[in-house]
Structures are given as structure tokens and as C-alpha cells.
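# Notes for the structure review
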Amino acid sequence: MLYIASALEHKRRVIFRWAMWLLAMPGGEGHAAERWVRAAYLLYQAPRHKRGVDAVVRTFLVPVGLYLSGSPSMLPHQLDLLAYAHSQPEFNSAVRQLMADG
């Protein structure tokens, strides 16, 4: 069993805005993947709703990844669990490895 404690609402709004900023900022394709991974972590840390957020974030990340990279990529099955259980540097490293192995 896994219990997740979310930040206070005002902190979640700040984290969510930061994630959106990362996804919207201009940059080359080389930086797009890194921005996507960082934003994915932040989105799981800043749920907009209490239930079903994992599915909503996954559904959002697929087309955003396609838009940023120009090609479809594999979405790791345990992306939400990695975000909930790891620090951002650990998450970034694990997701990059999973996507490289993908």
C-alpha cells in the first residue's frame, strides 16, 4: 500500500505553474526531453485533483511528449510510482534510463 501526502493547495499551484512553464518554454529538441522529464515529476507532485490524477497526468504527458519531440515515445508504466517514491534527481535518472532502454 502506498500513501501519498500532497502539498498544500497554494504550493501545488506554484509547482503546477512551474511544470507548465517548463513545457511551454522555447528550446531545441535536445532540451525538450529534459524539460518533459522535469515537468512530469512536478505534475505528479502537484495534483490538481485528489483522485485519478495519475491517469490524467499520463494522458496529458503522451501528446505533450509528442509535441515536444516530434515523435511518439514510450511512457514508462511506473512513471507515477517513480515520481511519488523518488527525489527529482532520482526520478529524472530512472526515467531517462527507462526511456533509453524502451
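Structure report, in brief.

### A closer look at the overall build of the protein
For the protein, the count of helices and strands is five helices and zero strands. Along its sequence from the N terminus, the protein presents helices and strands in the succession α-α-α-α-α. The C-alpha radius of gyration of the protein comes to 13 Å, within 12% of the 13 Å expected for a compact globule of 102 residues. With the principal axes as the frame, the protein shows a C-alpha extent of 35 × 30 × 25 Å. Taking all 102 residues of the protein together, 31% fall into the buried category. Expressed as a percentage of contacts within the protein between residues at least 6 apart in sequence, the contacts between residues at least 24 apart total 58%. Per element, the accessible surface of the protein, about 6,600 Å² overall, is 62% carbon and sulfur.

### Some remarks on the packing of aromatic side chains
Counted under the stated rule, the structure contains three aromatic pairs. Between the aromatic rings of Trp18 and Trp21, the centroid separation amounts to 4.8 Å while the plane-to-plane angle is 20°, which identifies the pairing as stacked. Of this pair, Trp18 and Trp21 are both found in helix H1 (residues 9–24), three residues apart, which corresponds to roughly one turn of the helix. Their ring planes at 85° and their centres at 5.7 Å tell us that Tyr44 and Tyr84 sit as a pair that is edge-to-face. In this pair, Tyr44 sits in helix H2 (residues 29–45) while Tyr84 sits in helix H4 (residues 79–85), placing the two residues 40 residues apart along the sequence. The exposure class of Tyr44 is buried, given its relative accessible area of 2%.

What counts and how
- Residues numbered from 1 in each chain as written.
- Predicted model: local features only at pLDDT ≥ 70, side-chain atom pairs only at ≥ 80, totals over all residues.
- Heavy atoms only, no water.
- Helix = DSSP H or I, 4+ residues; strand = E, 2+ residues; numbered from the N terminus.
- Rg over C-alpha atoms; globule rule 2.2 N^0.38 Å.
- Buried < 20%, exposed > 50% of the residue type's maximum accessible area, 1.4 Å probe, protein only.
- Contact = heavy atoms within 4.5 Å.
- Areas by Shrake-Rupley, 256 points an atom, 1.4 Å probe, with all protein chains shown as cover.
- Phe/Tyr/Trp six-rings, centres within 6.5 Å; stacked < 30°, edge-to-face > 60°.

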